[in-house]
There are 2 protein chains.
Amino acid sequence: MKEKKYTKEERDALRSKLADKQVVVKEKKLPVIVMLEGFGAAGKGSAISSTIRFMDPRFFKVYNMDKITEEEERRPFLYRYAVKMPAQGQFTFFDGGYIDEIVKRSQNKKQMKQRIESMNNFERSMTDNGYLIVKIYLHVDKKTQKNRLKELLEHKNTAWRVTKEDLEQNENFEYYEEAYGKVREQTNTKCCPWHVLESAHLSDVEGEIISIITNAIDARIAADEKNGKDRPLQQNPYTLLPATKLSKVSLQDKTIADDAYQEELKSLQKKLGKLHNKLYRKRIPLIVAYEGWDAAGKGGNIKRVASALDARGYEVLPIASPSPEEKARHFLYRFYTRLPKSGHIAIFDRTWYGRVMVERLEGFCSENDWQRAFHEMNEFEHDLTADGAIVVKFWVHIDKDTQLARFNDRQNTPEKQWKITEEDWRNREKWDQYEVAIDEMIAKTNTDFAPWTILESNDKHYARIKALKTIIAAIEKRLEA
Amino acid sequence: MKEKKYTKEERDALRSKLADKQVVVKEKKLPVIVMLEGFGAAGKGSAISSTIRFMDPRFFKVYNMDKITEEEERRPFLYRYAVKMPAQGQFTFFDGGYIDEIVKRSQNKKQMKQRIESMNNFERSMTDNGYLIVKIYLHVDKKTQKNRLKELLEHKNTAWRVTKEDLEQNENFEYYEEAYGKVREQTNTKCCPWHVLESAHLSDVEGEIISIITNAIDARIAADEKNGKDRPLQQNPYTLLPATKLSKVSLQDKTIADDAYQEELKSLQKKLGKLHNKLYRKRIPLIVAYEGWDAAGKGGNIKRVASALDARGYEVLPIASPSPEEKARHFLYRFYTRLPKSGHIAIFDRTWYGRVMVERLEGFCSENDWQRAFHEMNEFEHDLTADGAIVVKFWVHIDKDTQLARFNDRQNTPEKQWKITEEDWRNREKWDQYEVAIDEMIAKTNTDFAPWTILESNDKHYARIKALKTIIAAIEKRLEA
């Protein structure tokens, strides 16, 4: 903690500097997250107001993170932070953050630990994907907090700002001081360290905060220019299950007779419908991720799963190319925004794995980007399951000849022509490159918490029955746990 | 109510027909909304499940509208319907809808009437903008409802579906029967009539519902092909205030001396900050809409307003061109999704008025589209204010010479070059056409509930002071009301 005092003129000069920095940040397409944490009445709100005073309000947003909404409660821990990430060239300020949430709302030590790990991974992944995260902790001592709360309570215009939680915090000051300190220590990472400021004299703190932000921006831009944007790959800490190469998957013998199909389909759909009911009552979310060759039968497969479900409790999410808003953010952003509520089911028709397939092969991201993505996606899925979700991943598989036959059929049948495009033919030419990418993808992301299942789909009926059985087994396993 | 009985085969045939219709709907880019209304246990849920059984789940969504979330409660009445509108070629099914909401959640008769009017206007505007809305009411008699609720309660797997509200509804059956009937009557419009079905025999009703939907789709496509997509313009029912033509606005005399500016700015910002506090406590939302010539000083003006506000309670929303998701929906969709929560402030940097300026002049929509838009935007703003919001609209005005001087300054100052684009120069060439469009816009949308204020901005300081004063006056007026 520096002891520097700031005059009004110095603070105004700093504010102007930050406003100028906004233009640089826009030019460099740097997205910046500033998190202000601290006890009630530590001065977070006024510090943010002071910081942004000269900034162009079109390019930043401020979120008060104190209260968690119903909708947020029904999503994973990281959701409410992830969906608020800024686009390139923009700022997001969080007034309050996860320390408070982790300390007050974790159900047990295990969950606490899990959330700290999630947040550390998330911040590292965000940084690796081009974000700058600046974390500032405003420290206040017990007496100062008490006096400030008292002062706020004395005036009609400010009394409503003081919550019961604030008062309780001051009463049990020592307990919270220690608990917050521990979380701060454990989230004090190399990429995103905490800056701790003593908030006894707010006007000095305000100057300090702006300095920290502008210095962090300068340092980051300089480092990127010097070292480039590639980041080290992470070691995989998760248990990976053995994976079969696509060329070793036998397809011809995976068939089912017509009457057996009709009978099994009916009984499995009935069973899945009942399990959906249980998931809903137990508030367990289910995520089903579909990937597969063009014309492998994804659509029909999804339809058979979906029609077994209560229509009010699931959503099928077709993933097309990202919108400009999505492209300007972390590649997982558009999946965070689509996560199901607890008790609901989300079926993704194509997924985040596009990063290591189409984006890899078409050069839509750098080599370092897609190489890091295996790890980033494992972390993403680990968080989902650690927060209680079931994750089922399908690769819908056919051989090259079957694809050709189906493409020709689509081309020659007027009602099916909308299903086939030039792009499908172009992708087909890259079959071998895709096969290498898919083998690597399955091998590196076949975790025990979110394993891949290959659906042999030369016989579409066979693949549908297998999909239903796999989902049912995953739900039953979870309900027994 | 027809007496037709449906066999299982007939229903399957109808389901297949609806699935085929999905392809047509996709081709014709027709967005379809199906609303199923009725008492608890009328069979809405199973009717929807039956209807969608053969449909491709990538192109429809089902929403249960029974429960209103916290987030929705803090938005205007239409919000939760509007944000769920389907894209072109897609279906949205509402399980439950506004009749229930209007009967049970209106605070008084006036609000009830207002909401009915809002919904009728909204449905007409949606239809005019290419949507097909099919409204089906499932009627159930008191005894049947009672028996079904009893049956549901007897089984563990279904008992949780019966709510207190359902039981209360059965107890006061006659009251609700009459109230729902009245709302139904008053929303039984030409564009979107109610189809009332007797739901004693669910399997027959299911066949009937699918018939109604496919017939409505056929009829709509046939009508569009025969009559085209132009719709009659509506008469304006709102009070319009007199409007000044831009050419009559005097700019040169609207100046303020430097020291007076600094002093006024400070005191007005302080005042606005305090009023924001009051709005927050009274849960009144404020919408400030900025339009103006390029380089008129919108950005700097917004900045002076924003920096007076509590950063956690406002958002500045820069409106760029719509994303593909937004383009495929009603033109107001992207503004519905950005409406502020109660007590919050949304400052729009460019607005829905793009419809009658850039979209009109660049031919991004049809002539009929932008001509209808004056009325549609008046209705939109009327709903916002009727639901309690304050709406302030600014036209930031400069003359042509001032624009040229500022363009040249931007071009010649390295730090400002990002602010000027080729497009700005192209727009400048169309100044006269824009002036005609803007005069018409202001004249036709200068309603007493959401009037325009012209900010004379040759002297940017003058315009900022006037903006602050206008917003303050609007808030004070509302707080006194």
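Parameters at a glance
Residues numbered from 1 in each chain as written. Chains lettered and ligands numbered in written order. Predicted model: local features only at pLDDT ≥ 70, side-chain atom pairs only at ≥ 80, totals over all residues. Heavy atoms only, no water. Helix = DSSP H or I, 4+ residues; strand = E, 2+ residues; numbered from the N terminus. Buried < 20%, exposed > 50% of the residue type's maximum accessible area, 1.4 Å probe, protein only. Contact = heavy atoms within 4.5 Å. Areas by Shrake-Rupley, 256 points an atom, 1.4 Å probe, with all protein chains shown as cover. Buried area = accessible area lost by both parts, 1.4 Å probe. Salt bridge = Lys/Arg side-chain N within 4 Å of Asp/Glu carboxyl O. Polar contact = N/O pair within 3.5 Å; in protein donor to acceptor, adjacent residues only side chain to side chain. Nonpolar A, V, L, I, M, F, W, Y, C, P; charged D, E, K, R; others polar. pLDDT = per-residue confidence, 0-100. 1 Å grid on protein atoms, 1.4 Å probe; cavity = no way out; pocket = protein on both sides within 12 Å on 5 of 7 lines; lining within 4 Å. Points joined across faces, edges and corners; volume = space filled by probe spheres on them. Axes fitted to C-alpha atoms, helices over the stretch in contact; angles between N-to-C directions. Parallel < 35°, antiparallel > 145°, perpendicular 65-115°, else oblique. Left-handed = near helix turned anticlockwise from the far one by under 90°. Pairing = 2+ DSSP bridges. Phe/Tyr/Trp six-rings, centres within 6.5 Å; stacked < 30°, edge-to-face > 60°. Lys NZ or Arg CZ within 6 Å of the ring centre and 35° of its normal. Least-squares fit on C-alpha atoms with pLDDT ≥ 70 in both. Expected span 1.5 Å × (residues − 1). Lys, Arg positive; Asp, Glu negative; His and termini not counted.

A.B. asks: I tried to follow the overall build of chain A on my own but got confused; where do I start?
C.D. replies: Within chain A, the regular secondary structure consists of 21 helices and 10 strands. With the principal axes as the frame, chain A shows a C-alpha extent of 80 × 50 × 40 Å. With 481 residues in all, chain A has 57% of them scored as buried. Put simply, 82% of the contacts in chain A that link residues at least 6 apart link residues at least 24 apart. Summed over all atoms, the accessible surface of chain A reaches about 21,700 Å², with 49% contributed by carbon and sulfur.

A.B. asks: I keep staring at the interface of chain B and chain A and nothing clicks. Help me out?
C.D. replies: Often, the extent of an interface is quoted as the loss of accessible area on bringing the components together. The interface of chain B with chain A comprises 47 residues on the first partner and 46 residues on the second. When the buried surface of chain B facing chain A is broken down by residue, B:Arg58, B:Arg312 and B:Trp418 rank first, second and third, together holding 17% of it. Residue A:Lys61 pairs with B:Glu315 through a salt bridge whose shortest N-O separation is 3.3 Å. Applying the counting criterion to the chain B and chain A interface returns 12 residue pairs in polar contact (both at pLDDT 80 or more). Among the elements of the structure, α1 (8-27), α2 (44-52), β2 (60-64), α3 (70-73), α8 (156-159), α12 (258-282), α13 (298-306) and β7 (314-318) of chain B are those that each provide at least two residues to the side of chain B that touches chain A. Per-class residue counts for the side of chain B that touches chain A are 21 nonpolar, 9 polar and 17 charged.

A.B. asks: Help me out: how do you make sense of the confidence of the model for chain A in this one?
C.D. replies: Detailed conclusions should not be drawn from predicted coordinates in areas where pLDDT is low. Averaged over every residue, the pLDDT of chain A is 94; residues scoring 70 or more account for 99%. Across the interface, the model reports ipTM at 0.77; the global pTM reads 0.87.

A.B. asks: Honestly, the layout of surface pockets in this entry has me stumped. Any pointers?
C.D. replies: Which parts of space are left empty comes out when a probe the size of a water molecule is rolled across the atoms. Residues and elements named next belong to chain B. If you add up the space inside the second largest pocket, you get close to 900 Å³. Lining of the second largest pocket is provided by 33 residues; of these, Gln 111, Arg 115, Ala 386, Asp 387 and Gly 388 occupy positions nearest its centre. Only α3, α5 (98-105), α6 (109-128) and α17 (367-386) provide two or more residues apiece to the lining of the second largest pocket. In terms of residues, the lining of the second largest pocket owes the most to one element, α6, which gives 6 residues. Grouping the constituent residues of the lining of the second largest pocket by class yields 11 nonpolar, 7 polar and 15 charged.

A.B. asks: I tried to follow unusual backbone geometry on my own but got confused; where do I start?
C.D. replies: It is generally the case that most residues other than glycine have a negative phi and that most peptide bonds are trans. Of note in the backbone geometry, A:Lys29 takes a positive phi value of approximately 55° without being a glycine. Mapped onto the elements of the fold, A:Lys29 is located in the loop between α1 (8-27) and β1 (32-38). Exposure remark for A:Lys29: the relative accessible area of 52% places this residue in the exposed category. Its identity as a non-glycine residue notwithstanding, B:Ala41 has a phi of 65°, on the positive side. Note that B:Ala41 resides in the loop between β1 (32-38) and α2.

A.B. asks: What should I look at first to understand the packing of helix α18 (residues 400-412) of chain A against helix α19 (residues 422-429) of chain A in this one?
C.D. replies: When two helices pack together, their arrangement is given by the angle between their axes and by how far apart the axes lie. Residue and element names in this part refer to chain A. As a packed pair, α18 and α19 sit with axes 12 Å apart at the nearest point and diverge in direction by 165°. Relative to α19, the element α18 lies roughly antiparallel. Every pair of crossing elements has a handedness; the one defined by α18 and α19 is left-handed. In contact with Lys 400, Gln 403, Leu 404, Phe 407, Asn 408 and Gln 411 of α18, α19 contributes Asp 424, Trp 425 and Arg 428. In terms of residue class, the contact of α18 with α19 is built from 3 nonpolar, 3 polar and 3 charged.

A.B. asks: I'm lost on the sheet that holds strand β7 (residues 314-318) of chain A in this one. Help?
C.D. replies: The strands that make up a sheet pair up through hydrogen bonds in the backbone, lying either parallel or antiparallel. Residues and elements named next belong to chain A. Sheet architecture is open: 5 strands sit in the order β7-β8-β6-β9-β10, paired in parallel fashion. Every interior strand has two partners, whereas the edge strands, β7 and β10 (452-456), have only one. This sheet shows a mean twist of 20° between the axes of neighbouring strands, independent of strand direction. Pairing of strand β6 (residues 286-292) with strand β9 (residues 390-397), which is carried by 7 bridges, proceeds in the parallel orientation. Each residue of the ladder has a partner; that of Val 288, found in β9, is Val 392.

A.B. asks: Sorry if this is basic, but what is going on with the pattern of salt bridges here?
C.D. replies: Opposite charge on two side chains lets them pair, provided their charged atoms get close. Residues and elements named next belong to chain A. If you walk through the whole model with that rule in mind, you get 86 salt bridges over all chains. Where Arg 80 meets Glu 72, a salt bridge forms, and the shortest distance between an N and an O atom there is 2.9 Å. When its relative accessible area of 3% is taken as the criterion, Arg 80 is described as buried. Taking the relative accessible area as the measure of exposure, Glu 72 reaches 14% and is therefore buried.

A.B. asks: I would appreciate a short explanation of the packing of aromatic side chains in the present structure.
C.D. replies: Working definition: an aromatic ring pair is given by the centre-to-centre distance plus the angle between the planes. One pass over the structure, following the stated rule, counts 56 aromatic pairs over all chains. Here the aromatic rings of A:Trp352 and A:Phe380 are separated by 5.2 Å at their centres, their planes lie at 80°, and the arrangement is edge-to-face. Of this pair, A:Trp352 sits in the loop between β8 (345-349) and α16 (358-361) while A:Phe380 sits in helix α17 (residues 367-386); the two residues are 28 residues apart in sequence, bridging distant segments of the chain. Among the residues examined, A:Trp352 registers a relative accessible area of 1% and is labelled buried. Note on B:Phe348 and B:Trp352: the rings are 5.2 Å apart at their centroids and 80° apart in plane angle, and the pair reads as edge-to-face. The exposure classification of B:Phe348 matches that of B:Trp352, with both residues buried. Here the guanidinium or amino end of B:Arg75 rests over the ring plane of B:Tyr79, the centre of that ring lying 5.0 Å away.

A.B. asks: Help me understand the relation of the copies chain B and chain A, please; the structure alone is not making it clear to me.
C.D. replies: Mapping between the two copies of the chain is achieved by a rotation about an axis and a shift along the axis. Overlaying chain B with chain A gives an RMSD of 0.0 Å, the required rotation being 180° about an axis along which the chain moves by 0.0 Å. In the structure described here, the two chain copies are related by an operation that fits a two-fold rotation axis. Considering only C-alpha atoms, the residue of chain B closest to the rotation axis is B:Ser323, which sits at 3.2 Å. A share of 98% of interface residues in chain B that are also interface residues in chain A marks the association as one of identical surfaces.

A.B. asks: Help me understand α1(A), please; the structure alone is not making it clear to me.
C.D. replies: An α-helix turns once per 3.6 residues; consequently, residues spaced three or four apart project the same way. In this model α1(A) runs 29 Å from its N-terminal to its C-terminal C-alpha over 20 residues, within 8% of the 28 Å that 1.5 Å per residue would give. In this structure, the buried residues of α1(A) make contact with β1, α2 (44-52), β2 (60-64), β3 (91-95) and α11 (202-227) of chain A.

A.B. asks: So what exactly am I meant to see when it comes to the pairing of strand β9 (residues 390-397) of chain B here?
C.D. replies: The side chains of a regular strand alternate, residue by residue, between the two faces of the sheet. Residues and elements named next belong to chain B. Within β9, 8 of the 8 residues are buried, which leaves it mostly tucked inside the rest of the structure. Both faces of β9 are covered, namely the face carrying Ile 390, Val 392, Phe 394 and Val 396 and the face carrying Val 391, Lys 393, Trp 395 and His 397. Where β9 meets strand β10 (residues 452-456), 5 bridges bridge the pair, whose relative direction is parallel. For Trp 395, the partnering residue across the bridge sits in β10 and is Ile 454.

A.B. asks: Explain the side chain of B:Arg410 to me, please; I cannot follow it from the model alone.
C.D. replies: Residues and elements named next belong to chain B. Here Arg 410 is to be found in helix α18 (residues 400-412). The buried charged residue Arg 410 lacks any salt bridge, with Asp 424 as its nearest oppositely charged partner at 5.1 Å. In this structure Arg 410 touches Ala 295, Lys 416, Gln 417, Lys 419 and Ile 420, once residues within four positions along its chain are discounted.

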